[in-house]
Amino acid sequence: MVTLFILVAIVFGAALYFLPTILAYLRKKSNLVAIFVMNLLLGWLFVGWVIALVWALSNDSPTTIVIHSGKEDR
């Protein structure tokens, strides 16, 4: 019973620790790898975890597509 409790606590703790990465994955963020690395390396600092969480919840900047026809307007 104690072993099961420890296993559940480890899984729950890991899920909580990697919550920013999980949310970034679910939101299909373009910079998922960067969020994961920040979460992994700086997540143990509360500030690093909060920054990764905010980054995961922020909106991606829209992609601008420029089409150039090759003709100059004069």
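The following refers to the structure shown.

Cut-off values and rules
- Residues numbered from 1 in each chain as written.
- Predicted model: local features only at pLDDT ≥ 70, side-chain atom pairs only at ≥ 80, totals over all residues.
- Heavy atoms only, no water.
- Helix = DSSP H or I, 4+ residues; strand = E, 2+ residues; numbered from the N terminus.
- Rg over C-alpha atoms; globule rule 2.2 N^0.38 Å.
- Patch = residues over 30% accessible without salt bridge, like charges linked within 9 Å, V, L, I, M, F, W, Y side chains within 5 Å.
- Areas by Shrake-Rupley, 256 points an atom, 1.4 Å probe, with all protein chains shown as cover.
- Salt bridge = Lys/Arg side-chain N within 4 Å of Asp/Glu carboxyl O.
- Buried < 20%, exposed > 50% of the residue type's maximum accessible area, 1.4 Å probe, protein only.
- Axes fitted to C-alpha atoms, helices over the stretch in contact; angles between N-to-C directions.
- Parallel < 35°, antiparallel > 145°, perpendicular 65-115°, else oblique.
- Contact = heavy atoms within 4.5 Å.
- Nonpolar A, V, L, I, M, F, W, Y, C, P; charged D, E, K, R; others polar.
- Phe/Tyr/Trp six-rings, centres within 6.5 Å; stacked < 30°, edge-to-face > 60°.

## Overview of the overall build of the protein
Within the protein, the regular secondary structure consists of four helices and zero strands. Its helices and strands in sequence order give the protein the pattern α-α-α-α, from N to C terminus. Whereas a compact globule of 74 residues would reach a radius of gyration of roughly 11 Å, the protein reaches 20 Å, over 25% beyond that. Dimensions of the protein, computed from the C-alpha atoms along their principal axes, are close to 80 × 25 × 15 Å.

## Quick word on a nonpolar patch on the surface
A cluster of nonpolar side chains, namely Val33, Phe36, Val37, Leu40, Leu41, Leu42, Trp44 and Leu45, defines an oily patch on the protein surface of about 780 Å² accessible area. If you trace the backbone, Leu40 turns up in helix 3 (residues 32–42). Given the relative accessible area of 40%, Leu40 is considered partly exposed.

## A closer look at the packing of helix 2 (residues 19–26) against helix 3
The geometry of helix 2 relative to helix 3 is characterised by a closest axis approach of 9 Å and an angle of 170 degrees between their N-to-C directions. Of the possible angle classes, the one that applies to helix 2 and helix 3 is roughly antiparallel. Contacts from Leu19, Pro20, Thr21, Ala24 and Tyr25 in helix 2 reach Leu32, Ile35, Phe36 and Asn39 in helix 3. Residue composition of the contact of helix 2 with helix 3, grouped by class: seven nonpolar, two polar and no charged.

## A look at the packing of aromatic side chains
Enumeration over the complete set of coordinates arrives at three aromatic pairs. Relative to Phe18, the ring of Tyr17 lies with its centre 4.9 Å away and its plane at 85 degrees, an arrangement referred to as edge-to-face. Look at Tyr17 and you get partly exposed, because its relative accessible area is 23%. We classify Phe18 as partly exposed; its relative accessible area is 25%. Between Phe46 and Trp49, the aromatic rings sit 6.4 Å apart at their centres with planes inclined by 20 degrees, giving stacked as the arrangement. Placement of both Phe46 and Trp49 in helix 4 (residues 46–57) is noted, with a separation of three residues, approximately one turn of the helix.

In short, shape yes, function no, at least from these values alone.
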